[in-house]
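# Inside the fold
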Amino acid sequence: MSIFNESTEVEIRERRLHSTLSYHGDANDLNEKSKQRALSCKGRYYGQCSDCAEGCAETITYHVIDAAVVSHAPVGCSVNVSNHHILGRAVSNARGLETHKVHMISSNIQEKDTVYGAAEKLRSAIYEADKRFKPKTIFIQASCASGIIGEDLESVANETEDELGYPIIPVYCEGFKSRIWSTGFDAAFHGILRRLIKKPKRKQEDLVNIFNFEGSDLFIPFLKKLNLRVNYLIPLASVEQLETITEAACTAHICETLATYIAAVLEEKYGVPEVKVPAPFGIDWTDEWLREIARFTNRESLAEKVIQEEHAKVLPELDDLRKKLKGKKVYVLSGDSFAHNIANIVKDLGLELAGMNTLHHDLHSDSPLQANTLEALIKSSGNIKNVTVCNKQPYQVLKILQKIKPDLLIVRHMNLTSLGTKLGIPTLFEGDANYSIGYDGVVKMGRRFDEALRTKKLVENIAAHTKLPYSDWWLKQEDPFYFEGGIQK
Amino acid sequence: MSTLIEQPRYACALAAQQTVLAIPNSHPIVHAGPGCSSKAFGFAAFGAGFQGEGYAGGSHVSCTNSSEQEVVFGGENKLRDTITGALKILNGDLFVVLTGCTSDIVGDDSISVAKEFATEGYPVVGAETAGFKGNSYYGHEVVVNAIIEQFVGDIKPQVQEGLVNVFSVVPYQDPYWRGDLEGIKNLLEKIGLKVNILFGESSAGVSEWKDIPNAEFNLLLSPWVGLDTVKLLEEKYKTPFLHYPVFPVGAQETSRFLREVGKFVELDEKKVELVIGKEEKRFYDYFISISDFIAEYRNNLPVELYTVADSTYGIGVSSYLVNELGFIPKGIYAIDDPQNSIQETLNDILLSRGGEFKDTFKVEADGGLIEADIRKKIGESKKAIILGSSWEKFLAEETNNLYTYLSVPLHETVILNKSYVGYTGGLSLIEDLYSSLFKRKTTTSRTQLFTN
């Protein structure tokens, strides 16, 4: 069965990748149960706020250069546009591009629209976006409200596309449809695959597609060592750039959770091979990643030379950092797959990986050939104890941390990082998902851990004056996963 | 006014979870899709100068994370489970159920579910705050009124002389709310009142809310937000209210405000004047010390004023800058989407503070249109200062003018107890306005930033 089909929506992750939101055990067991598809996506009886697919979709659509976005929703769904705008400005400036401005208009669905429909509003928002921003494409972001009242985005998109003469792309990222927020990435990619991407006119043998979040420009200098060019996707790619991603020599990504769907489709439909080893985090994975890219671009011997040189360059400082960090325990808290990436750096710094929580877990990926980063991590670091899956849920994570008592915490998710701070654990925020790639990434993480330890008075001071909101009953409760089993009133 | 919104300046009604969080030891329980709570937090708390999760906000907010199942089969049972869990694991004096689009469109009777718990004696309140029902200001009023109706309830007031409940800025939606409410409380205490400030660091929390019916009067310090609340309290507890529509910033307005409050509750006039005299002396001792700077930097001083904020803060600050610092008002934009019927009143309030404001006032929630209007008015001028959000910062930088932060979203500053209210707030605003001159590029009195 082909991975891509022309239907308006891509299947949600619970059904497509058998994703789960709750697990506790160890890495080996999770990997085995994943292979047997022995975990389901059952909820918990009590939960704290999650995130939604729309929030993930907008991290892609807001950042396409020359695109505009119509949020077909009440105004609350698009309020984080200002934060994205600032990110877009900062990163585009850092990369020497023209300052990126996020161009978004909310159709501002109101009560009467939920009764009489909001198609007219959507049309007028599309035309207004055309007038204000003169875009080359417009994304329509769906919402819970537009989804439940049954708005026909497809018809409005087709109609306005005919009128305006450029692609109008519905993104079906209604928050209620999937419990796995990463489904929003797939929704945005599916829209782009359906309506924007074109067949290759030629092959660009030295061009590598890198699917990433909008992070630092570290892949260009890194792949320059192999005389390769980087096509950063999708944030800060232009519409033309997206049309031609099928011309690249291969596709890589910084996180399986982000981009295995589009990478698999690019390979299946357009013959762009996907790098099927884990992303370049930690020395061993970086070696293998470079080798795989070199294989696709006929640069094997150059790659071996680069690997040797880079190892030699980082080793002295790594030795020094290992001495400084010796005996420290690290806990990793991040999205699925990316947590494995960060965790793979831990051993290179001589640290102990005390546990790991991923915010969901896909039991498998879109294609059976794609990297299983959990298995790769077990291979490189051995079995890992204290492995859990939950979608934020600080009331649970708190208990896990209090039990494990890590010396250091590393988090890649906004508004979870402060939990470590409140507990007095020096915590790194891995907000820039490109920051720790490659050999330098290992060294930089070591320096950051060292600095976090040396400045820990700040977090200790905060912890000393923090009152947590949880009841004594909960703090004394033995089982952090109490609400997954049932509830008694 | 446009109904479409570019560059949103408020979130949806569900952002009233921040109103709940602003009451010490209180918890929202959100019955909505999985992203609503964290988006509201991202905008209203993170995007208001990194005010953060506080005691129990951010990712700690209890939520049903409604999915397809709740949309198809209804979410009342899921809500019951979530309330039960929240009551079990959280320490709190008050729990407020807030609904989102999913539950309100499918017709869950969430308020009745909340009532089931209240009937059993739990401090649980329910409010319908679906995003399509209104904005942050609307949600704030709905939640405040729900707490009064369902939690404070029908009790017989025992009026305490000199006790006042204050209803003013909307927590978090006003990024300076913590300092503002503390400042207002301090001012009122100085003239001898006892204050239920209701929100923030200087509030005693739920005990103040329970004390609401006992106040001698309610003070509404805002042009329109909260009017329904003080009217509700008048009807429910027969408490009179003073509606003072101009947020007091600087010496003139603050003194006027204190006099009016004093008159309303018949405080000893001499005592009030003594306080005002002392405060004004302090204010003007500081105030005149800007004269050296003003004299030296005459050529660099911004003089044209643009304000983008809600009608509470926007009118108060603009009046101060025009009347006490000589600014020329160019565009005063109210972003809080008041009903059409009171837009004229808002204009009149502003005009009551100076004829200079004629034709400067606009009610507009579409930030894109505000930007376009300022661009048109500002033209080639380099003598303007724009008070507003991060969006106005970019506009000011692009047009080579100055900016000062006044309204959300604010992503590039850290706010703790800053405030522009009262005498001290007025001084603080002077510092920020004129210091902004030096944050742009190296400025000296001899390099004429605006004219070269």
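Fair warning: this is a prediction, and the values are worked out from it, not measured in the lab. (Residues numbered from 1 in each chain as written. Chains lettered and ligands numbered in written order. Predicted model: local features only at pLDDT ≥ 70, side-chain atom pairs only at ≥ 80, totals over all residues. Heavy atoms only, no water.)

Moving on: the overall build of chain A. Secondary structure assignment for chain A yields 22 helices and 13 strands. For 489 residues, the compact-globule formula gives about 23 Å, and the C-alpha radius of gyration of chain A, at 23 Å, lands near that figure. Along the three orthogonal principal directions, the C-alpha set of chain A runs to about 65 × 65 × 45 Å. A buried classification covers 64% of the 489 residues belonging to chain A. Here the contacts in chain A between residues at least 6 apart in sequence split such that 74% fall between residues at least 24 apart. With the model as given, the accessible surface of chain A reaches about 18,000 Å², and the carbon-plus-sulfur share is 50%. Treating the 61 positive side-chain charges of chain A as one cloud and the 65 negative ones as another, the clouds have centres 5 Å apart. (Helix = DSSP H or I, 4+ residues; strand = E, 2+ residues; numbered from the N terminus. Rg over C-alpha atoms; globule rule 2.2 N^0.38 Å. Buried < 20%, exposed > 50% of the residue type's maximum accessible area, 1.4 Å probe, protein only. Contact = heavy atoms within 4.5 Å. Areas by Shrake-Rupley, 256 points an atom, 1.4 Å probe, with all protein chains shown as cover. Lys, Arg positive; Asp, Glu negative; His and termini not counted. Charge placed at Lys NZ, Arg CZ, Asp CG, Glu CD.)

Once that is clear, we can look at the sheet that holds strand 3 (residues 104-106) of chain A. Judged by pairing direction, the sheet is mixed, and its five strands sit side by side in the order 5(A)-4(A)-2(A)-3(A)-1(B) without closing on themselves. Each edge of the open sheet carries a strand with a single partner, namely strand 5 (168-171) of chain A together with strand 1 (5-6) of chain B. In the sheet, strand 2 (residues 67-71) of chain A pairs with strand 4 (residues 137-141) of chain A via five bridges, with the strands oriented parallel. Among the inter-strand pairings, A67 of chain A is bridged to a residue of strand 4 of chain A, identified as T137 of chain A. (Pairing = 2+ DSSP bridges.)

What follows is about the pattern of salt bridges. Residues and elements named next belong to chain A. Within this structure, the stated rule accounts for 67 salt bridges over all chains. Salt-bridge contacts for R44 lead to E484; the nearest nitrogen and oxygen are separated by 3.0 Å. Of this pair, R44 sits in the loop between helix 2 (27-35) and helix 3 (53-61) while E484 sits in helix 22 (residues 482-485), and the two are 440 residues apart along the sequence. We note that R44, like E484, is buried. A salt bridge links R202 to E247; the nearest nitrogen and oxygen atoms lie 3.8 Å apart. You can see R202 sitting in the loop between helix 9 (183-195) and strand 6 (204-211) and its partner E247 sitting in the loop between helix 11 (239-243) and strand 8 (248-253), a full 45 residues away along the chain. What makes E247 buried here is its relative accessible area of 5%. Within the structure, one salt-bridge network assembled from shared partners comprises R13, R16, D186, D362 and D366. (Salt bridge = Lys/Arg side-chain N within 4 Å of Asp/Glu carboxyl O.)

As a further point, take the environment of P240 of chain B. Residues and elements named next belong to chain B. Within the secondary structure, P240 sits in the loop between helix 10 (227-237) and strand 9 (241-243). According to the relative accessible area criterion, P240 is partly exposed, its value standing at 36%. Taking the C-alpha atoms as reference, P240 lies 29 Å from S318; in sequence the two are 78 residues apart. Non-local contacts of P240, meaning those with residues more than four positions away in its chain, are made with E216, F217, N218 and F264.

The buried fraction of strand 7 (residues 229-233) of chain A amounts to four of the five residues, a majority that puts the element mostly inside the structure. Since strand 6 of chain A and strand 7 of chain A lie parallel, the crossover through helix 10 (residues 219-224) of chain A that links them has a hand, and here it is right-handed. (Right-handed = clockwise from strand over helix to strand, strands pointing away.)

Once that is clear, we can look at the domain arrangement of chain A. All names here are of chain A. In terms of domain boundaries, chain A breaks down into domain 1 (46-195), domain 2 (204-297) and domain 3 (300-476). Taking the mean C-alpha position of each, domain 2 and domain 3 sit 24 Å from one another. Taken together, the 35 residues of domain 2 in the interface contact 41 residues of domain 3. Taken as a group, F281, I283 and W285 account for 22% of the area that domain 2 buries against domain 3, more than any other trio of residues on that side. (Domains from an automatic or database assignment. Buried area = accessible area lost by both parts, 1.4 Å probe.)

All names here are of chain A. Across the interface, helix 2 lies against helix 16 (residues 373-381) with an axial gap of 10 Å and an inter-helix angle of 145°. As helix 2 runs across helix 16, the sense of the crossing is left-handed. Here A27, N28, L30, N31 and K35 of helix 2 come into contact with helix 16, specifically with L374, E375 and I378. A breakdown of the residues in the contact of helix 2 with helix 16 according to their chemical character gives four nonpolar, two polar and two charged. (Axes fitted to C-alpha atoms, helices over the stretch in contact; angles between N-to-C directions. Left-handed = near helix turned anticlockwise from the far one by under 90°. Nonpolar A, V, L, I, M, F, W, Y, C, P; charged D, E, K, R; others polar.)

The omega torsion across L233 of chain A and I234 of chain A is -10°, close enough to zero to call that bond cis. With respect to the element layout, I234 of chain A can be found in the loop between strand 7 and helix 11. In this model, V408 of chain B is joined to P409 of chain B through a cis peptide bond whose omega is 0°. Relative to the assigned elements, P409 of chain B resides in the loop between strand 14 (402-405) and helix 18 (422-440). Unusually for a residue other than glycine, N227 of chain A sits at a positive phi of about 55°.

The next thing to look at is the pairing of strand 12 (residues 408-412) of chain A. Residues and elements named next belong to chain A. Burial runs high along strand 12: five of the five residues are buried. Examined bridge by bridge, strand 9 (residues 329-334) and strand 12 share five bridges and lie parallel to one another. If you follow V330 over to strand 12, its bridge partner there is L408. Of the pairings in the sheet, the one linking strand 12 to strand 13 (residues 427-429) comprises three bridges and is parallel in character. Bridging from a neighbouring strand, I410 pairs with L428 of strand 13. Taking the sense of rotation as the criterion, the β-α-β connection linking strand 12, helix 18 (residues 417-422) and strand 13 turns out right-handed.

Let us now look at the interface of chain B and chain A. Of the residues lining the interface, 68 residues belong to chain B; the matching set on chain A comes to 72 residues. Between chain B and chain A, the buried area comes to about 5,700 Å², and carbon and sulfur atoms account for 60% of it. Considering only the surface of chain B that becomes buried against chain A, K39, K88 and I89 of chain B emerge as the three largest contributors, covering 14% of it. Joining chain B to chain A, the criterion identifies eight salt bridges. Across the salt bridge formed by E398 of chain B and K101 of chain A, the nearest N and O atoms sit 3.3 Å from each other.

All names here are of chain B. Interhelical geometry of helix 11 (residues 251-264) versus helix 12 (residues 269-287) gives an angle of 170° and a closest axis separation of 10 Å. Comparing the axis directions of helix 11 and helix 12 gives the class roughly antiparallel. Of the residues in helix 12, those touching helix 11 at A251, Q252, S255, L258, R259 and G262 are V272, E273, I276, E280, F283 and Y284. Partitioning the contact of helix 11 with helix 12 into residue classes produces six nonpolar, three polar and three charged. (Parallel < 35°, antiparallel > 145°, perpendicular 65-115°, else oblique.)

Further remarks concern the sheet that holds strand 7 (residues 194-196) of chain B. Residues and elements named next belong to chain B. Ordered by their spatial adjacency, four strands build an open sheet running 7-6-8-9, and the pairing between neighbours is parallel. In the strand order of this sheet, the two ends are held by strand 7 and strand 9, each with one partner. On average, each strand axis in the sheet is tilted by 25° relative to the strand beside it, whichever way the strands run. In the sheet, strand 8 (residues 217-220) pairs with strand 9 via three bridges, with the strands oriented parallel. The residue bridging L220 from the neighbouring strand is H243, located in strand 9. Its contacts with the sheet put helix 10 on strand 6 (163-167), strand 8 and strand 9, and the angle it makes with strand 9 is roughly 160°.

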